[in-house]
Amino acid sequence: MLLNIEHVKKSFAETEVLRDISLHVEEGEFVALLGPSGSGKSTIFNLIGGIMEPDDGAITLNHKVIHGKRGLIGYMPQQPSLFPWRTVLENIVLVQELTGKPNRQEAKEWLEKVGLQEFENAYPIELSGGMKQRVAFIRAMLSKQNLLCLDEPFSALDEFTRISMQKWLLSVWETNRKSILFVTHSIEEALFLADRIYILTKRPTMVKEEVIVPFARPRDESLLNTEPFFHLKQKIFKQLKDELGEGL
Amino acid sequence: MKWLRSNGGAIIVLLFLLGLWEIIVKITGTPAWLLPAPSQIFSEGFKVIPSFSTDILATTKLAILGLVIGSAAGFIIAVILHILPIVQKMTYPLLILSQNIPIIVLAPLLIIWFGFGLLPKLIVIALVCFFPIVVAALDGFKNTAPELKYYMQMAGASKTQMFWKLELPYALPSLFSGLKISATYSVMGAVISEWLGAKQGIGVYMTLSQASFRTDHVFVAIFTIMLLSVLLFGLIQAFEKLFIKGKIER
């Protein structure tokens, strides 16, 4: 077990944000966290990333407690958060710079692998939204950590770009199989990408249910139109709807 | 061509004002000791250039040296205040107060304290130059995009890395805005410091001209100061283009 979160609680002043979160990510597994907005997903990431410490419970990575320890995960935020004064290549080696000497050769090979080699020396302002997110993902990959935390990375993209980005992410991931914890509020996205899905409740957040996604890999777009996919989507949708009650 | 397109408007307005001035002086027959016509100022300027150039050079050197010292001090102060917010809270009002000291009054005191050497002059220039840099740099540091800061935290950046890799480069455009203001102030600062006792410089030339009622020479000095400020401003702008890569989306 790579990442294990056990009975974690977190409150801010009077507000209880996380009531009881237990989840785990295996080596090479793609896990999605699915929940309504304001369900404390970013608090979970803050805890894993070491920006906050849990009030109770334990978070372990490779069986070591990581409370308050930063820089142990690869992270891809919702906004691409590329540094505007750095070229694409300089951006993706940034995380390596923090811990030691960057390996530019490896970085270049990665850009080539994902077809971005011609943008090596481009500045972020010259890239489209989808391309920026690809760069942000490669940057997370190059952090050399075994766990990648992806925080709604495609939510700001338009529908067409999003689908092609999801396919792109899967194709890159399948050649390399790092563990991924993927936060999303799109049922379809979670089902299409993940091996397992944790459905979260609204605040104070608990894990409502764990769904094992039975679809074989490699997956492609045609999966989205199959009966089992649609069926599972309906089931999860109903659960989320119950969760939100009249609010939906 | 590009330069002309972006600055052409300003040049036309300037020429128009000079023309208006020329005509008014000619029509009213104003005597030259009261207000010389621009044409007279320029022809006089060309005449005195050989002897005046040493003064210009002295002031330029003084202004640049003062600007370098003042902006270095401003930058260091800004960094310290940024790293230590408590110190910032305690001393920021003092910094603002330092800008309310009338330089004209302070300068003679500085000469009493430090003599007629270079030091009091540099203090005067540095005093007018450091403040814009402090304000600009502090604003730049403070306005660093929160999502980039958050990313750096998640990536495990230390405070030092956060500063050198994110906050400083992010603040550069703002820092250059401050530097441009300081550059234009530095020439004025140099001239004021020269009024109080110097062997050469535009300030000295100005005082001598004024004492001998050579109003045209006073105006030559004024125009030179303006030109010098604009040139320094341009120099900083050139550095800015050199240093700032990509573009910050704000």
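Because the structure is a prediction, the values reported are computed rather than measured.

Caption draft 1: Structural view of the overall build of chain B. For chain B, the helix and strand inventory stands at nine helices and zero strands. Element order for chain B, N to C, with α for helix and β for strand: α-α-α-α-α-α-α-α-α. Buried positions account for 44% of the 250 residues belonging to chain B. The contacts of chain B with a sequence gap of at least 6 include a subset with a gap of at least 24, amounting to 73%. Surface summary for chain B: the accessible area is close to 14000 Å², and the carbon and sulfur share equals 75%. Taking the average location of the 18 positive side-chain charges in chain B and that of its 10 negative ones, the two points are 6 Å from each other.

Caption draft 2: Geometry of the packing of helix α2 (residues 38–83) of chain B against helix α7 (residues 159–195) of chain B. Residue and element names in this part refer to chain B. Contact geometry for α2 and α7: axes closest at 8 Å, N-to-C directions at 140°. Read as a crossing pair, α2 and α7 show a hand that is right-handed. Of the residues contributing to the contact of α2 with α7, the split by class is 14 nonpolar, six polar and two charged.

Caption draft 3: View of a nonpolar patch on the surface. Residue and element names in this part refer to chain B. On the surface, a cluster of nonpolar side chains totalling about 480 Å² of accessible area is made up of V13, F16, L17, L20 and I24. Assignment of secondary structure puts I24 in helix α1 (residues 2–28). Residue I24 is classed as partly exposed on the basis of its relative accessible area, which comes to 46%.

Caption draft 4: Structural context of the nonpolar core. Membership of the largest hydrophobic core comes to 54 residues, with the highest contact counts inside it found for W21(B), F52(B), F141(B) and I202(B). Secondary structure elements with two or more residues in this core: α1, α2, α4 (103–114), α5 (118–142), α7, α8 (202–211) and α9 (215–243) of chain B. Counting residues per element, this core draws most heavily on α5(B), at 13 residues. Counting residues in hydrophobic clusters, the runner-up holds 53 residues, among them W110(A), A140(A), L148(A) and I236(A).

Caption draft 5: Looking closely at the interface of chain B and chain A. Contacts between the two partners involve 20 residues from chain B and, on the opposite side, 25 residues from chain A. Here chain B meets chain A over a buried area of about 2200 Å², counting both sides, of which 67% is carbon and sulfur. On the chain B side of the interface with chain A, the three residues burying the most area are Y151(B), M154(B) and K165(B), jointly 34% of the side's total. K165(B) serves as the salt-bridge partner of E97(A), at 2.8 Å between the closest nitrogen and oxygen. Our enumeration of links across chain B and chain A arrives at four residue pairs in polar contact (both at pLDDT 80 or more). Those elements that place two or more of their residues in the side of chain B that touches chain A are α6 (146–154) and α7 of chain B. With seven residues, α6(B) is the single largest residue contributor to the side of chain B that touches chain A. Here the residues of the side of chain B that touches chain A sort into eleven nonpolar, four polar and five charged.

Caption draft 6: Highlighting α8(B). All names here are of chain B. Among the residues of α8, I202, G203, V204, Y205, M206 and S209 are the ones counted as buried. Structurally, α8 contributes buried residues whose contacts are with α2, α7 and α9. F213 sits one or two positions beyond α8 and adopts a positive phi of about 55°.

Caption draft 7: Molecular detail of the pairing of strand β10 (residues 205–212) of chain A. All names here are of chain A. Of the strand pairs in this sheet, strand β2 (residues 15–25) and β10 are connected by two bridges, and their pairing is parallel. In the sheet register, L18 faces β10, and the bridge partner there is T205. Relative to β10, strand β9 (residues 196–200) runs antiparallel, the two being bridged by five bridges. Looking at β10, one finds that Y198 is bridged to E210. Hairpin connection of β9 to β10: four residues between the antiparallel strands.

Reading the values: rules and limits
- Residues numbered from 1 in each chain as written.
- Chains lettered and ligands numbered in written order.
- Predicted model: local features only at pLDDT ≥ 70, side-chain atom pairs only at ≥ 80, totals over all residues.
- Heavy atoms only, no water.
- Helix = DSSP H or I, 4+ residues; strand = E, 2+ residues; numbered from the N terminus.
- Buried < 20%, exposed > 50% of the residue type's maximum accessible area, 1.4 Å probe, protein only.
- Contact = heavy atoms within 4.5 Å.
- Areas by Shrake-Rupley, 256 points an atom, 1.4 Å probe, with all protein chains shown as cover.
- Lys, Arg positive; Asp, Glu negative; His and termini not counted.
- Charge placed at Lys NZ, Arg CZ, Asp CG, Glu CD.
- Axes fitted to C-alpha atoms, helices over the stretch in contact; angles between N-to-C directions.
- Left-handed = near helix turned anticlockwise from the far one by under 90°.
- Nonpolar A, V, L, I, M, F, W, Y, C, P; charged D, E, K, R; others polar.
- Patch = residues over 30% accessible without salt bridge, like charges linked within 9 Å, V, L, I, M, F, W, Y side chains within 5 Å.
- Salt bridge = Lys/Arg side-chain N within 4 Å of Asp/Glu carboxyl O.
- Core = buried A, V, L, I, M, F, W, Y, C linked by side-chain atoms within 4.5 Å.
- Buried area = accessible area lost by both parts, 1.4 Å probe.
- Polar contact = N/O pair within 3.5 Å; in protein donor to acceptor, adjacent residues only side chain to side chain.
- Pairing = 2+ DSSP bridges.

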